Each structure stands twice: as C-alpha cells, then as structure tokens.
Amino acid sequence: MTLAERATSFTAGLLHDIGKVGISDAVLLKPGKLTVEEFEIMKTHTTAGARLLQHIPALENVLPGILYHHEHWDGGGYPRGLSGEDIHIFGRIVAIVDVFDALTSDRPYRPAWTHEQAAAHIAAAVLAPVGLHWIALQGMGLGLAWILAVADRITALESGSPSAELPESGTT
C-alpha cells in the first residue's frame, strides 16, 4: 500500500461517521439497545456520509471507506451486503479501526478496554467479520500493529491531541 493510499485510509477513518450528523440525538445517543427501526435509521449514516462528501473532489478517494466500513466479510453487513474482497480496502481498514475505537472508548454499558485488550480481541476474532478483514489485510502486508496505530492517531485527533501523524510503516 502506497503512502498516498495509507493517507487516504487515515482520512477515511477520520470521516467515516460523518453521516451521523443527520441522525437524531434520540437514536444516536440512546444508552440502551436500538430497536429494529432505530437500527435501520442508524445504518443510513454510511450512505448519508458518502452523499455529504461526494461533491468535494479532494475527498473522492475516501468515499469507499465511509460507505463500506460496515460491510462484513461474509456479506452480512451494510449498506450493500458486499463480501470478501468485493469490499474496498479502505472499507476493510476503517472497519477494524472503528471496532478498535469502539472497544477503547467508554460506553454507557461498559468502561473502555485497554489498547492491549482491544488488539488481542481483534486478533483473536478470526471468524468474526472484523477478524476476517484483518486476515485479508495481513495477506496484503498490512500488519495489525499498523492498523491499530492508525486507530490510535484517529482517537488522538478526536480527543483534541494536536499531534496525530500517520505511522510510517504499513508492515509492522
């Protein structure tokens, strides 16, 4: 993966949930489990995000990461039900980063996991959609450490840290 592609996947990670600006706070901030109807509303954030950014030429390359970060290796994800390598590489990377961020953030129903716990969970989840994404990316020379380093940089930026540079190596 080239430096430009790594930078694009990083930018996609930063913007992947931008479509949630159109989701009502009643759904977005609900502390409990979403109803079927609420989950259907939440699922629209991928396509809404892509629509928000599609007319900005400088962000054209990040759209697959925004649109496909909830696709699952087995085809059970959304918005299109893509599977395997039909899921754009940026969607697969952002899927892992998104899970890492979710696991290492406090939730109403559980405290944040440590980075080590989250990394171990992702690495062990070989039969889960995220684990299968990781296996495929590893075959492309993208190590879990690099992907998790990207997740750390995104988390740092979201927390207001001014220093959030991309990791240099895609193979660590």
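Our structure is the block above this text.
To start, this report covers the structure provided alongside it. (Residues numbered from 1 in each chain as written. Predicted model: local features only at pLDDT ≥ 70, side-chain atom pairs only at ≥ 80, totals over all residues. Heavy atoms only, no water.)

Turning our eyes to something else, we now look at the overall build of the protein chain. Across its full length, the protein chain carries nine helices and zero strands. Burial status across the protein chain gives 42% buried among its 172 residues. Pairs at least 24 apart in sequence give 57% of the contacts found in the protein chain among residues at least 6 apart. Accessible surface computed for the protein chain: about 8900 Å², of which carbon and sulfur atoms make up 58%. (Helix = DSSP H or I, 4+ residues; strand = E, 2+ residues; numbered from the N terminus. Buried < 20%, exposed > 50% of the residue type's maximum accessible area, 1.4 Å probe, protein only. Contact = heavy atoms within 4.5 Å. Areas by Shrake-Rupley, 256 points an atom, 1.4 Å probe, with all protein chains shown as cover.)

Another aspect to go through is the packing of helix α1 (residues 3–15) against helix α6 (residues 89–103). The description of two packed helices rests on the angle between their axes and on the distance between the axes. Relative to each other, α1 and α6 sit at 55 degrees, their axes nearing to 9 Å. Classified by the interaxial angle, the pair formed by α1 and α6 is oblique. Relative to α6, α1 is oriented so that their crossing is right-handed. Contact residues: α1 offers Glu 5, Thr 8, Ser 9, Ala 12 and Gly 13, while α6 offers Phe 90, Ile 93 and Val 94. (Axes fitted to C-alpha atoms, helices over the stretch in contact; angles between N-to-C directions. Parallel < 35°, antiparallel > 145°, perpendicular 65-115°, else oblique. Left-handed = near helix turned anticlockwise from the far one by under 90°.)

So, about the nonpolar core. Ala 12, Ala 50, Leu 53, Leu 59, Val 62, Leu 63, Ile 66, Leu 67, Tyr 68, Ile 87 and Val 94 form the largest nonpolar core, which has 11 residues in total. Of all the secondary structure elements, the ones that give two or more residues to this core are α4 (45–53) and α5 (63–68). Looking at this core element by element, the count peaks at four residues for α5. Beyond its immediate chain neighbours, meaning those up to four positions away, Ala 12 contacts Val 62, Gly 65, Ile 66 and Val 94. Listed in part, the five residues of the second largest apolar core include Ile 96, Phe 100, Leu 103 and Ile 122. (Core = buried A, V, L, I, M, F, W, Y, C linked by side-chain atoms within 4.5 Å.)

Here we come to the packing of aromatic side chains. In total, this model carries one aromatic pair according to the counting rule given. On the basis of an interplanar angle of 90 degrees and a centroid distance of 6.0 Å, the ring pair of Phe 39 and Tyr 78 is categorised as edge-to-face. One end of the pair, Phe 39, is in helix α3 (residues 36–43); the other, Tyr 78, is in the loop between α5 and α6, and 39 residues separate them in sequence. The class of Phe 39 is partly exposed, set by a relative accessible area of 38%. (Phe/Tyr/Trp six-rings, centres within 6.5 Å; stacked < 30°, edge-to-face > 60°.)

Looking now at helix α7 (residues 115–124). Those residues of α7 that sit buried are Ala 118, Ala 119 and Ile 122. Down the axis of α7, the buried side of the element spans an arc of 100 degrees, and every buried residue falls inside it. In α7, those exposed residues whose orientation departs by more than 90 degrees from the buried face are Glu 116 and Ala 124. (Arc of directions from axis to C-beta.)

Both trends apply: most residues other than glycine have a negative phi, and most peptide bonds are in trans. Going from Tyr 78 to Pro 79, the amide bond is cis rather than trans, its omega being 15 degrees. Tracing the backbone through its elements, the reader meets Pro 79 in the loop between α5 and α6.

This is a description of form; function is not addressed.
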